[in-house]
Amino acid sequence: MGIACRSGLRDWLHAPGSLSRRLARLGHRFEVTVLFQGVAPLRARERQALGQPTRGLVIVREVLLSVDGQPLVWARSAVHQSATRGPWKALRGLGSRPLAHLLYDDPRIHRSPLKVHRLARHGVTRRQLESQWREATGCEPPAQMLWSRSSTFHRLGTYLRVMEVFSPLINSRRVQKSD
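Being a predicted model, the structure only gives us computed values, none of them experimental.

Basis of the calculations
Residues numbered from 1 in each chain as written. Predicted model: local features only at pLDDT ≥ 70, side-chain atom pairs only at ≥ 80, totals over all residues. Heavy atoms only, no water. Helix = DSSP H or I, 4+ residues; strand = E, 2+ residues; numbered from the N terminus. Expected span 1.5 Å × (residues − 1). Buried < 20%, exposed > 50% of the residue type's maximum accessible area, 1.4 Å probe, protein only. Arc of directions from axis to C-beta. Contact = heavy atoms within 4.5 Å. Core = buried A, V, L, I, M, F, W, Y, C linked by side-chain atoms within 4.5 Å. Phe/Tyr/Trp six-rings, centres within 6.5 Å; stacked < 30°, edge-to-face > 60°. Lys NZ or Arg CZ within 6 Å of the ring centre and 35° of its normal. Polar contact = N/O pair within 3.5 Å; in protein donor to acceptor, adjacent residues only side chain to side chain. pLDDT = per-residue confidence, 0-100. 1 Å grid on protein atoms, 1.4 Å probe; cavity = no way out; pocket = protein on both sides within 12 Å on 5 of 7 lines; lining within 4 Å. Points joined across faces, edges and corners; volume = space filled by probe spheres on them. Nonpolar A, V, L, I, M, F, W, Y, C, P; charged D, E, K, R; others polar.

## With respect to helix α6 (residues 124-137)
- Over its 14 residues, α6 extends 20 Å from the first C-alpha to the last, a length consistent with the 20 Å expected when each residue adds 1.5 Å.
- All of the buried residues in α6 are Thr 125, Arg 126, Leu 129, Gln 132 and Trp 133. Down the axis of α6, the sector holding all buried residues measures 140 degrees, keeping them to one side.
- In this fold, the buried residues of α6 make contact with β1 (30-41), β2 (57-67), β3 (70-80) and β7 (158-166).

Set out below in structure tokens:
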């Protein structure tokens, strides 16, 4: 993880707890912009994390997390579509509220260890991120926006995978307020 270490993302990539709550401390206004929520094909890492067969469909939620109008994180959550009729049904009505409200306020939900991953510059996730970032902001995402972390949340026998990709601009922000 050499580049991430030099760019100062190590603390963000390994920080436990709610990313949304941590980001909210960086400014006066924390926002979640929903870029897409709907049915999508499984990706290889999602299939592995969710314990699903080779093919299938998931419910995906892709968002931008911004502080004081500056987008800092692109995130993608995926859950098998049958789980949105059961343990993860609250995901359907989440809207622009942070996923943290669902994940960290329920003691029945358990999180796997964080996995750090460098995106392929021309992979499907990077292309999706770039397209949505441009559409939402009118600008290109930072070229160095390649480091992500992912974890899986377990509740009542079903899994939800969350992946977050960090803009290096996150390091230009300093904590503005305390909890």
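## Comments concerning the nonpolar core
- Within the largest apolar cluster, 16 residues are counted, with the highest numbers of intra-cluster contacts made by Leu 23, Val 73, Phe 166 and Ile 170.
- Once you skip the residues sitting within four places of it in the chain, Ile 170 turns out to touch Leu 9, Trp 12, Leu 23, Leu 26, Leu 72 and Val 73.
- Grouped together as the second largest cluster of nonpolar side chains are 13 residues, Ile 59, Ala 83, Leu 99 and Leu 160 included.

## Quick notes on the packing of aromatic side chains
- With the rule as written, the count across this model stands at two aromatic pairs.
- On the numbers, 6.4 Å between centres and 45 degrees between planes, the contact of Trp 12 with Phe 166 is tilted. Within this pair, whereas Trp 12 is found in helix α2 (residues 10-14), its partner Phe 166 is found in strand β7, the two being separated by 154 residues in sequence.
- Take Phe 166: its relative accessible area is 0%, and that puts it in the buried class.
- For the ring pair Tyr 104 and Phe 153, a centre distance of 5.9 Å and an interplane angle of 90 degrees mean the geometry is edge-to-face. Of this pair, Tyr 104 sits in the loop between α5 (100-103) and β4 (110-111) while Phe 153 sits in strand β6 (residues 147-155); the two residues are 49 residues apart in sequence, bridging distant segments of the chain.
- In this structure Tyr 104 comes out as partly exposed when scored by relative accessible area, which is 29%.
- By relative accessible area, which is 3% here, Phe 153 ends up buried.
- The ring of Trp 12 has Arg 22 lying over it, and the distance from NZ or CZ to the ring centre is 4.0 Å.

## A closer look at the side chain of Arg 149
- With respect to the secondary-structure elements, Arg 149 resides in strand β6.
- A polar side-chain atom of Arg 149 sits 2.5 Å from a polar atom in the side chain of Glu 164.

## Observations regarding unusual backbone geometry
- Positioned with a positive phi, Asp 68 is a non-glycine residue whose angle comes to about 50 degrees.
- When its relative accessible area of 29% is taken as the criterion, Asp 68 is described as partly exposed.
- The backbone of Leu 156 shows a phi angle near 50 degrees, a positive value even though the residue is not glycine.
- Its location among the elements puts Leu 156 in the loop between β6 and β7.

## Topic: the confidence of the model for the protein
- When pLDDT is averaged across the protein, the result is 87; 91% of the residues are at 70 or more.
- Across the protein, α6 holds the top mean pLDDT of 95, while helix α1 (residues 2-7) sits lowest at 50.

## Let's talk about empty space enclosed by the protein
- Under the counting rule described, the total for this entry stands at one cavity of 30 Å³ or more.
- In this structure, the largest cavity spans a volume of roughly 220 Å³.
- As for the largest cavity, its lining consists of 22 residues, of which Ser 20, Leu 99, Ala 100, Val 162 and Glu 164 are closest to the centre.
- Of all the secondary structure elements, the ones that give two or more residues to the lining of the largest cavity are α3 (19-24), β2, β3, α5, β6 and β7.
- When the residues that make up the lining of the largest cavity are grouped by side-chain class, the tally is twelve nonpolar, five polar and five charged.

## Examining the environment of Cys 139
- Positionally, Cys 139 belongs in the loop between α6 and β6.
- Taking C-alpha positions, Cys 139 is 27 Å from Leu 94, a pair spaced 45 residues apart along the chain.
- Dropping the residues within four chain positions of it, Cys 139 is found in contact with Trp 133 and Arg 134.

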